[in-house]
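Letter by letter, the chains look like this.
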Amino acid sequence: MTSEVTVRVPGKINLQLSVGPLQRDGYHELATVFQSVSLFDEITVSEIDKGIEITTDSKSNIPLDKENLAYKAAEIMKKKFDIETGLAIKIKKEIPIAGGMAGGSADAGGTIVAIDSLFSLGLKRDEMERIGSELGADIPFTIAGGTAIGTGRGDQIAPVLSRGSYNWVLALSSSGLSTPSVYKECDRLREGLDISKPFVSDSLLQALSHGDAKALGKALTNDLQPAACSLKPALRLILDVGLDYGALGGIVSGSGPTVAFLAEHEDHALDLVVALTSSGVVGNVIRVAGPVPGARVITGA
Ligand code: ATP
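Residues numbered from 1 in each chain as written. Predicted model: local features only at pLDDT ≥ 70, side-chain atom pairs only at ≥ 80, totals over all residues. Heavy atoms only, no water.

(A) Representation of the overall build of the chain in the model. Scanning the chain from N- to C-terminus turns up 10 helices and 12 strands. For a compact globule of 301 residues, the expected C-alpha radius of gyration is about 19 Å, and the chain comes in at 19 Å, within 12% of that figure. By principal-axis analysis of the C-alpha atoms, the chain measures approximately 55 × 45 × 35 Å. Each of the 301 residues in the chain was classed as buried or not, and the buried ones make up 52%. Here the analysis covers contacts within the chain between residues at least 6 apart in sequence; of these, 76% occur between residues at least 24 apart. With an accessible surface of roughly 13800 Å², the chain has 50% of that area assigned to carbon and sulfur atoms. (Helix = DSSP H or I, 4+ residues; strand = E, 2+ residues; numbered from the N terminus. Rg over C-alpha atoms; globule rule 2.2 N^0.38 Å. Buried < 20%, exposed > 50% of the residue type's maximum accessible area, 1.4 Å probe, protein only. Contact = heavy atoms within 4.5 Å. Areas by Shrake-Rupley, 256 points an atom, 1.4 Å probe, with all protein chains shown as cover.)

(B) Expanded view of the site of the ligand. In the region of the ligand, 21 residues are neighbours, and Ala98, Gly100, Gly104, Asp107 and Asp138 sit closest. Between the ligand and Ala98 there is a distance of 2.8 Å, counted from an oxygen atom to a backbone nitrogen or oxygen. Between the ligand and Met101 there is a distance of 3.2 Å, counted from an oxygen atom to a backbone nitrogen or oxygen. Relative to its free-state accessible area of 620 Å², the ligand is covered by the protein chains to the extent of 78%. Here the shell around the ligand gets four residues from one element, more than from any other, and that element is helix α2 (residues 103-118). Here the shell around the ligand is built from residues that sort into eight nonpolar, eight polar and five charged. (Near = heavy atom within 4 Å. Polar contact = N/O pair within 3.5 Å; in protein donor to acceptor, adjacent residues only side chain to side chain. Nonpolar A, V, L, I, M, F, W, Y, C, P; charged D, E, K, R; others polar.)

(C) Looking closely at the packing of aromatic side chains. Under the defined criterion, the tally for this structure stands at one aromatic pair. On the basis of an interplanar angle of 15° and a centroid distance of 4.6 Å, the ring pair of Phe34 and Phe141 is categorised as stacked. Taken together, the residues span a long stretch of sequence, with Phe34 in strand β2 (residues 28-48) and Phe141 in helix α4 (residues 139-144) at a distance of 107 residues. The ring of Tyr27 is capped by Arg153, whose NZ or CZ atom sits 3.6 Å from the centre of that ring. (Phe/Tyr/Trp six-rings, centres within 6.5 Å; stacked < 30°, edge-to-face > 60°. Lys NZ or Arg CZ within 6 Å of the ring centre and 35° of its normal.)

(D) Structural detail: the environment of Lys92. Along the chain, Lys92 falls in strand β4 (residues 86-92). C-alpha of Lys92 to C-alpha of Thr55: the two residues are 37 residues apart in sequence and 8.7 Å apart in space. Every residue in contact with Lys92, bar those within four places of it in the chain, is listed here: Phe40, Asp41, Glu42 and Asp57.

(E) Looking closely at the side chain of Thr142. Residue position: Thr142 is located in helix α4. Of the polar contacts made by the side chain of Thr142, one reaches the backbone oxygen of Ile139; its length is 2.7 Å. Sequence-distant contacts of Thr142, that is, excluding residues within four places in its chain, are made with Val9, Pro10, Ala102, Ser105, Ala106, Gly109, Gly294 and Ala295.

(F) Geometry of the packing of helix α9 (residues 234-244) against helix α10 (residues 266-279). At their nearest, the axes of α9 and α10 sit 10 Å apart, and the two run at 140° to each other. Here α9 is positioned oblique relative to α10, judged by the angle of their axes. The element α9 and its partner α10 pack so that their crossing is right-handed. Of the residues in α10, those touching α9 at Ile238, Val241 and Gly242 are Leu272, Leu276 and Ser279. Of the residues in the contact of α9 with α10, the class split is four nonpolar, two polar and no charged. (Axes fitted to C-alpha atoms, helices over the stretch in contact; angles between N-to-C directions. Parallel < 35°, antiparallel > 145°, perpendicular 65-115°, else oblique. Left-handed = near helix turned anticlockwise from the far one by under 90°.)

(G) View of the pattern of salt bridges. One pass over the full model with this rule turns up 11 salt bridges. Measuring nitrogen to oxygen at the nearest pair gives 3.2 Å for the salt bridge that ties Glu134 to Lys80. Note that Glu134 is positioned in the loop between α3 (125-133) and α4 and Lys80 in helix α1 (residues 69-80), a separation of 54 residues in sequence. We classify Glu134 as partly exposed; its relative accessible area is 48%. Relative accessible area serves as the criterion here: at 39%, Lys80 is assigned to the partly exposed category. With a shortest N-O distance of 2.7 Å, Lys93 and Asp107 are connected by a salt bridge. Here the residue Lys93 occupies a position in the loop between β4 and α2, and Asp107 occupies one in helix α2, the gap between them amounting to 14 residues. The buried category is assigned to Asp107, whose relative accessible area is 2%. A network of salt bridges, in which partner residues are shared, links Asp41, Lys93 and Asp107. (Salt bridge = Lys/Arg side-chain N within 4 Å of Asp/Glu carboxyl O.)

Printed below as a string of structure tokens:
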């Protein structure tokens, strides 16, 4: 057995996020299309005598106790597989916190994959995804990666045929948005409206199967975007700037506030980065590619 394992796990954007009506249990049925992008957290897990200890290089505040999703993932793995030793988990964060890119879920997914490798449990990917789904709806996709449809609460995933690689430009916000508050705002804005059952858009799936970036740009949709923009009006300005500078499409990712712009090719993405940065409406702009694979062991395998 190796003494420590490091897993690299990507963040996601939602190419589509359709939100059904508020259900009695407080949840919404979702129809979503996820894509993993090349912005990664790294999770390093090693054995210690007892307990679960989390450390991070993140300058922002993330919980280091039971509230951290990686802690919860370690707890569930210890219990399921009778792991008696303690675990140290180091989280190197690149994925923005509360950014709508499933950063916490990625850390949980990465922890499950790392523990599987550290203790040679030999779990299949779908078994690890199932364990992840017990903790959070976005976790199975962070393990699977690529491009996938998510239904139910977003946790029932199925891979999507996607040709080629897409150039994305992400406008990151310095402060996050809480997912529950965005859903609450969405319900408030929809009060009195008749909301139908969500379904995945055919035009989006066709664009992906043809590798047609222009068609994909037009097909991006997010039912949470009005709510995210209502809570953070600066997002409207950011969307306008990116689209004015020729992005093929622009969308708030998940519950936001990260905004993803689709560029035609690499040079176009570089132009968009310059335009958005010099506009002064957004602090941190980065270029990423998608799809990329899900959580993978990079050292200690
Ligand atoms: P999603 O896209 O799945 O809705 P998000 O990317 O918007 O999520 P996260 O980065 O997962 O949001 O963080 C949401 C909250 O979860 C944070 O405010 C933080 O308190 C808590 N949290 C728990 N574990 C972590 C973690 N490992 N990394 C970041 N945040 C975490």
